[in-house]
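Letter by letter, the chains look like this.
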Amino acid sequence: MTTSPRACAHQILDVTPMILQAIRSDMRKTSSAELTVPQFRTLTFLNRNPGASLSAVAEFIGLTLSSMSILVNALVDRSLVTRTTDSADRRRVHLTVTQAGRTMLENAWQETEAYLANLVAVLSEEERAVVVAGLELLRPLFAPRATSSAHTAPVLEGATAP
């Protein structure tokens, strides 16, 4: 097996969409179906970055500001996110996950984590160690620059991730 940077990039591009599709499919089938994957990712980002701006969330999720605004409005309408206007600049809003949003995020996270754990259970302990080591090597390469110390799991009470 070649381990050139190009071959590594090819594997990332080849496998990542399959992983994301499996997560999407599982989230649609389970009670975490209450959240779409973009909503799940938005709540995760806001949980890690309380008070983030709409543009910061849109950049992270990969949506236009108008599409992100629609997504956030739906989360606000469901009382999963609060939107607070900046007192110094009324054009700027700060977004924060509510307790109900944290609870829903934690439930969806745990269900998705259990689904993925079931998938990787067929791997040997050594193979799982290789997967974890590989992902830990990739983390600093892909971590957002401003939040490179972001946690692997949402910062939630009772979260089972290390």
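It should be emphasised that the depicted structure is a prediction, and the values quoted were computed from it without experimental measurement. Each chain carries its own residue numbering, running from 1 in the written order of its sequence. In keeping with the predicted nature of the model, local features appear solely for residues at pLDDT of at least 70, side-chain atom pairs appear and are counted solely at 80 or more, and the whole-chain, interface and lining totals rest on all residues. Here the side-chain values reflect all heavy atoms present in the structure, with hydrogen atoms and water set aside.

Enquirer: Explain the confidence of the model for the chain to me, please; I cannot follow it from the model alone.
Expert: Low-pLDDT portions of the prediction should not be read for the details of their coordinates. One confidence number per residue, pLDDT, is output by the predictor and ranges from 0 to 100. When pLDDT is averaged along the chain, the result is 87, and 85% of the positions lie at 70 or above. When the elements of the chain are averaged for pLDDT, helix 1 (residues 5-29) gives the smallest value, 92, and helix 4 (residues 65-77) the largest, 97. In this description, contact between two residues means that some pair of their heavy atoms is separated by no more than 4.5 Å. Every residue in residues 146-155 scores below 50 in pLDDT, and together they form 19 contacts with partners more than four places removed in sequence or on other chains. Across residues 157-162, confidence stays below pLDDT 50; counting only partners more than four residues off in sequence or on other chains, it has 11 contacts. The numbering of helices and of strands both runs from the N terminus, where a helix is a DSSP run of H or I of at least 4 residues and a strand a run of E of at least 2.

Enquirer: Help me out: how do you make sense of the environment of Arg83 in this one?
Expert: Inspection of the secondary structure puts Arg83 in strand 1 (residues 81-85). Sequence-wise, Arg83 and Ser53 are 30 residues apart; in three dimensions their C-alpha atoms are separated by 9.4 Å. If sequence neighbours within four positions are ignored, Arg83 has contacts with Val72, Asn73, Val76, Val93, His94 and Leu95. The definition of a polar contact used here is a pair of N or O atoms within 3.5 Å, where within protein one atom must be able to donate a hydrogen and the other to accept one, and adjacent residues in sequence count solely through side-chain atom pairs. Of note is the side chain of Arg83, whose polar atom sits 2.6 Å from the side chain of Asn73.

Enquirer: Can you walk me through the packing of helix 2 (residues 37-48) against helix 3 (residues 54-61) in this structure?
Expert: Two measures define how a pair of helices packs: the angle their axes make with one another and the distance between the axes. Look at helix 2 against helix 3: their axes get within 10 Å of each other, and the N-to-C directions meet at 125°. By the criterion of interaxial angle, the relationship of helix 2 to helix 3 is oblique. Between helix 2 and helix 3 the crossing geometry is right-handed. Taking contact as the criterion, the partners of Pro38, Arg41, Thr42, Phe45 and Leu46 in helix 2 are, on helix 3, Ala56, Val57, Phe60 and Ile61. Residue polarity is assigned by list, with Asp, Glu, Lys and Arg as charged and Ala, Val, Leu, Ile, Met, Phe, Trp, Tyr, Cys and Pro as nonpolar; anything else, Gly included, falls into the polar class. Of the residues belonging to the contact of helix 2 with helix 3, the class tally is seven nonpolar, one polar and one charged. Axis geometry follows a simple rule: fit a line to the C-alpha atoms, using only the stretch in contact for helices, then measure angles between N-to-C directions, giving values from 0 to 180 degrees. For classification purposes, angles smaller than 35 degrees are called roughly parallel, those larger than 145 roughly antiparallel, those between 65 and 115 roughly perpendicular, and all remaining angles oblique. For any pair of crossing helices, the crossing counts as left-handed if the nearer helix is rotated counterclockwise from the farther one by less than a right angle, and right-handed if it is rotated clockwise.

Enquirer: Quick question: what am I supposed to make of unusual backbone geometry here?
Expert: The bulk of non-glycine residues show a negative phi, and the bulk of peptide bonds are trans. Even without a glycine there, the phi angle at Ser79 is positive, about 60°. By secondary structure assignment, the location of Ser79 is in the loop between helix 4 and strand 1. The buried label applies to any residue whose accessible area, calculated with a 1.4 Å probe on protein chains only, is under 20% of its type's maximum; exposed applies above 50%, and partly exposed to all values in between. Classification of Ser79 by relative accessible area gives partly exposed; the value is 45%.

Enquirer: Looking at this model, I keep getting lost on the packing of aromatic side chains. Mind explaining?
Expert: Two aromatic rings are characterised by how far apart their centres lie and by the angle between their planes. Centres within 6.5 Å make a pair out of two Phe, Tyr or Trp rings, where for Trp the six-membered ring is used; the pair is then stacked when the planes are under 30 degrees apart, edge-to-face when over 60, and tilted otherwise. Under the counting rule described, the total for this entry stands at two aromatic pairs. Taken together, a centroid distance of 5.9 Å and an interplanar angle of 25° make the contact between Phe40 and Trp109 stacked. Taken together, the residues span a long stretch of sequence, with Phe40 in helix 2 and Trp109 in helix 5 (residues 99-120) at a distance of 69 residues. Each of the two residues, Phe40 as well as Trp109, counts as buried.

Enquirer: Explain a nonpolar patch on the surface to me, please; I cannot follow it from the model alone.
Expert: Residues Val15, Met18 and Ile19 make up a contiguous nonpolar surface patch of roughly 250 Å² in combined accessible area. Examined against the element boundaries, Ile19 turns out to sit in helix 1. Patch definition: residues with relative accessible area over 30% and no salt bridge; like charges joined within 9 Å; nonpolar side chains (Val, Leu, Ile, Met, Phe, Trp, Tyr) joined within 5 Å. Method for areas: the Shrake-Rupley scheme with a 1.4 Å probe, in which residue coverage is limited to the protein chains shown. Salt bridges are defined as contacts in which a side-chain nitrogen from Lys or Arg sits within 4 Å of a carboxyl oxygen from Asp or Glu.

Enquirer: Sorry if this is basic, but what is going on with the nonpolar core here?
Expert: Looking at soluble globular proteins, one finds that nonpolar side chains tend to be buried together. Only buried Ala, Val, Leu, Ile, Met, Phe, Trp, Tyr and Cys residues count toward a nonpolar core, and they belong to the same one when joined by side-chain atoms within 4.5 Å. Counting residues in each nonpolar core, the largest one holds 25 residues, and the members touching the most others are Leu35, Phe40, Leu43, Leu46, Val57, Met68 and Val81. Within the residue set of this core, elements represented by two or more residues are helix 1, helix 2, helix 3, helix 4, strand 2 (93-97) and helix 5. In this structure Leu35 touches Met27, Phe40, Leu43, Arg78, Leu80, Met104 and Ala108, once residues within four positions along its chain are discounted.

Enquirer: I'm lost on the side chain of Thr42 in this one. Help?
Expert: Its place among the elements puts Thr42 in helix 2. When its relative accessible area of 0% is taken as the criterion, Thr42 is described as buried. Apart from the residues within four sequence positions on either side, Thr42 is in contact with Val57, Ile61, Met68, Leu71 and Leu75.

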